[in-house]
Protein chains: 2
Amino acid sequence: MDTPHAHPAGTDLASVARLLADGTRASFCVALLDGRAWTATELARHAGVAASTATEHLNALVRGNLLAEERQGRHRYVRLAGPHVAELIEGLAAMAPGRASPPRSLSAAGRRKALAHARTCYDHLAGAVAVAITDTMTERGLLDWEHGLRLTGDGEAWLGRLGVTVPAGTRRPSVRSCLDWTERRSHLAGAVGAAMCRHAFDAGWITRIGTTRAVAVTAAGRQALRDHLGLPAELLSRK
Amino acid sequence: MDTPHAHPAGTDLASVARLLADGTRASFCVALLDGRAWTATELARHAGVAASTATEHLNALVRGNLLAEERQGRHRYVRLAGPHVAELIEGLAAMAPGRASPPRSLSAAGRRKALAHARTCYDHLAGAVAVAITDTMTERGLLDWEHGLRLTGDGEAWLGRLGVTVPAGTRRPSVRSCLDWTERRSHLAGAVGAAMCRHAFDAGWITRIGTTRAVAVTAAGRQALRDHLGLPAELLSRK
DNA sequence: TCGATGCTTCGGCGCCTGCCGAAACATCGG
DNA sequence: CCGATGTTTCGGCAGGCGCCGAAGCATCGA
């Protein structure tokens, strides 16, 4: 070897980072942030590359343990390998250059606006709505940031009144903050964030817009958030 | 452009990841995980590249806001841009291929062993010792993982008896868990972790081994950890 | 003022890797 | 069994990027 001590710990770090360093692979991962499984062809079309190219990228991502795959007949379904991957990707994206490049088309502008308003982030809620919810929960003493983020007793009771049940006994932290890449503020993640998001879907408070990550708050959802958190309607209705 | 909708959100994610996707740049960042400022030449020699090459890499890393720089005379000092960068890098490294490549030389083996035992991770303590401290603090009810990680009342009192003072009023979470890339377990980070590490240096409980990230626990340190945490001596002495 | 040292700029070289299309293979629905 | 559709393999091409050395600039110490 010609280098003194060939990057002792640098190489393995680089090998992981390299997986996300390509625009197409990154585009796959961002798409998969919705927490659902996509087929290889869907991802290829989404990123605008040939199917053969997508195959090679997926091989790399699966091999690198960023994605998990599942074969069903002639379809190859892939999804993020776990919440830690989603958090890593969000953390990386939050560090991106501050200047959000202006959208180039009207439909892109609308899409961006919908995403900024409310969207899923792996398995919990993100966007302006999620940040507002998190802020209000903090103001009302449901969340405590004093010594690390935690759910207060009031918070537990409040969740119970909402009908949200959090699966217990897992190693996953029950509350966690996740940096929002549109708002640049924290929103609620972790097991509680996921349970709240799931419950909001089940109760019909939010619905997916088409097949994207963007979600819309329904009339019932606005009502529920006003009743339980006192959130003003104008914050929740998209113009 | 020849692609349908040129990676809307993928590009900025990729541009950040690309910075860490090169072995040499990654090697710089891993070196800087010790939290100190290095000169360009030091990093170049460390990674085994020409000074001109290092300059270009540093330009990229500073431009991408991963590193902060400070000019002093003819020296260019760089350091990580903040704790969030250190956490990102550790998170990425923790995802690296499980098989730790066996060290190729005796000195490398010794170095690796020292690092695995106790080292600094940006501004707090990592390695087997740090994991043991964190575990014991949990067992003794000083830390509570129930609803997100937090310091208990007992924990605060315990810190006070140790003489550790934590700067208050910052936005930085006071306790945080950081995934250890040698132990694959969590250790204590955040403002409290940093304050404890700083206090341990000041009190002479630990000292740096040469100019590396590895640290040694002194006799006084073993005594202190036994008195305050009941940690067995054999855990703290390197063989 | 003058050498030594640290850093930067600039060409130029070579490899790595992402891309495609064509062809083969696998699966599904009849 | 057969066409349609999803996926994979394989060449081959082209651009990007990391590397170096030489030369130039800035700063330090004397």
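Cut-off values and rules
Residues numbered from 1 in each chain as written. Chains lettered and ligands numbered in written order. Predicted model: local features only at pLDDT ≥ 70, side-chain atom pairs only at ≥ 80, totals over all residues. Heavy atoms only, no water. Near = heavy atom within 4 Å. Polar contact = N/O pair within 3.5 Å; in protein donor to acceptor, adjacent residues only side chain to side chain. Helix = DSSP H or I, 4+ residues; strand = E, 2+ residues; numbered from the N terminus. Nonpolar A, V, L, I, M, F, W, Y, C, P; charged D, E, K, R; others polar. Buried < 20%, exposed > 50% of the residue type's maximum accessible area, 1.4 Å probe, protein only. Contact = heavy atoms within 4.5 Å. pLDDT = per-residue confidence, 0-100. Axes fitted to C-alpha atoms, helices over the stretch in contact; angles between N-to-C directions. Parallel < 35°, antiparallel > 145°, perpendicular 65-115°, else oblique. Left-handed = near helix turned anticlockwise from the far one by under 90°. Salt bridge = Lys/Arg side-chain N within 4 Å of Asp/Glu carboxyl O. Pairing = 2+ DSSP bridges.

Identification of chain A as Transcriptional regulator from Planobispora rosea is taken from an unreviewed UniProt entry.

(A) Up close: the protein's contact with DNA strand C. Near DNA strand C you find 22 residues, and of these Thr-24 and His-57 of chain A together with Thr-41, Thr-55 and Arg-71 of chain B are the closest. A share of 75% of the atoms of DNA strand C within 4 Å of the protein falls on sugar and phosphate groups. Between DNA strand C and the protein, one listed contact pairs a phosphate oxygen with a side-chain N or O atom of Arg-71 of chain B at 2.9 Å. Between DNA strand C and Arg-74 of chain B, the relevant distance is 2.9 Å, taken from a base oxygen to a side-chain nitrogen or oxygen of the residue. Broken down by secondary-structure element, the contributors of at least two residues to the surface near DNA strand C are helix H2 (23-32) and helix H4 (51-63) of chain A together with helix H3 (40-47), helix H4 (51-63) and strand E3 (75-80) of chain B. The biggest single contributor to the surface near DNA strand C is H4 of chain B, with 4 residues. Class assignment of the residues belonging to the surface near DNA strand C gives a composition of 4 nonpolar, 11 polar and 7 charged.

(B) Local environment of the environment of Ala-17 of chain A. Tracing the backbone shows Ala-17 of chain A in helix H1 (residues 10-20). You can call Ala-17 of chain A buried: its relative accessible area is 1%. With near-sequence residues (within four places) excluded, Ala-17 of chain A lies in contact with Ala-17, Leu-20, Ala-21 and Leu-92 of chain B.

(C) How the structure looks around the environment of Cys-197 of chain A. Note on placement: Cys-197 of chain A falls in helix H9 (residues 190-202). Not counting residues up to four positions away in its chain, the partners in contact with Cys-197 of chain A are Thr-120, Asp-123, His-124, Leu-125 and Ile-206 of chain A.

(D) Fine view of the confidence of the model for chain A. All names here are of chain A. When pLDDT is averaged along chain A, the result is 78; 77% of the residues meet or exceed 70. Confidence, expressed as mean pLDDT per element, reaches its minimum in chain A at helix H11 (residues 233-236) with 60 and its maximum at H4 with 95. Confidence over residues 1-7 falls short of pLDDT 50; this stretch has 11 contacts with residues more than four positions distant or in other chains. Contacts for the low-pLDDT stretch residues 99-106, under 50 throughout, to residues beyond four places or in other chains number 4 contacts.

(E) Here's a closer look at the packing of helix H2 (residues 23-32) of chain B against H4 of chain B. All names here are of chain B. In the contact formed by H2 and H4, the axes pass within 10 Å of each other and the chain directions differ by 70°. For the element pair H2 / H4, the angle class is roughly perpendicular. In the packing of H2 onto H4, the handedness of the crossing is right-handed. Where H2 abuts H4, its residues Thr-24, Arg-25, Phe-28 and Cys-29 lie against Ala-54, His-57, Leu-58 and Leu-61. Of the residues belonging to the contact of H2 with H4, the class tally is 5 nonpolar, 2 polar and 1 charged.

(F) The arrangement of the pattern of salt bridges in detail. Residue and element names in this part refer to chain A. For the structure shown, the criterion picks out 5 salt bridges over all chains. The partner of Asp-202 in a salt bridge is Arg-198, and the shortest N-O contact between them spans 4.0 Å. A residue pair is termed a helical-turn pair when its members lie 3 or 4 positions apart in one helix, as Asp-202 and Arg-198 do in helix H9 at 4 residues. For the pair formed by Asp-202 and Arg-198, the shared burial category is exposed. Connected via shared salt-bridge partners are Glu-69, Arg-71 and Arg-76.

(G) Quick peek at the sheet that holds strand E1 (residues 38-39) of chain A. Spatially, 3 strands are ordered E1-E3-E2 (chain A) in an open sheet, and the strand pairing comes out antiparallel. Each edge of the sheet is formed by a strand with only one pairing partner; in this case those strands are E1 and strand E2 (67-72) of chain A.

(H) Expanded view of unusual backbone geometry. Residue and element names in this part refer to chain A. Even without being a glycine, Asn-65 presents a positive backbone phi close to 65°. Topologically, Asn-65 is positioned in the loop between H4 and E2. Judged by its relative accessible area of 51%, Asn-65 falls in the exposed class.

(I) Structural detail: the protein's contact with DNA strand D. Around DNA strand D there are 22 residues in total, and Thr-41, Thr-55 and Arg-71 of chain A together with Thr-24 and His-57 of chain B lie nearest to it. Backbone atoms, meaning sugar and phosphate, form 76% of the atoms of DNA strand D found within 4 Å of the protein. Interatomic distance of 2.9 Å between a side-chain N/O atom of Thr-55 of chain A and a phosphate oxygen of DNA strand D. Counting residues per element, the ones that place at least two in the surface near DNA strand D are helix H3 (40-47), H4 and strand E3 (75-80) of chain A together with H2 and H4 of chain B. With 4 residues, H4 of chain A is the single largest residue contributor to the surface near DNA strand D. Here the residues of the surface near DNA strand D are counted per class, giving 4 nonpolar, 11 polar and 7 charged.

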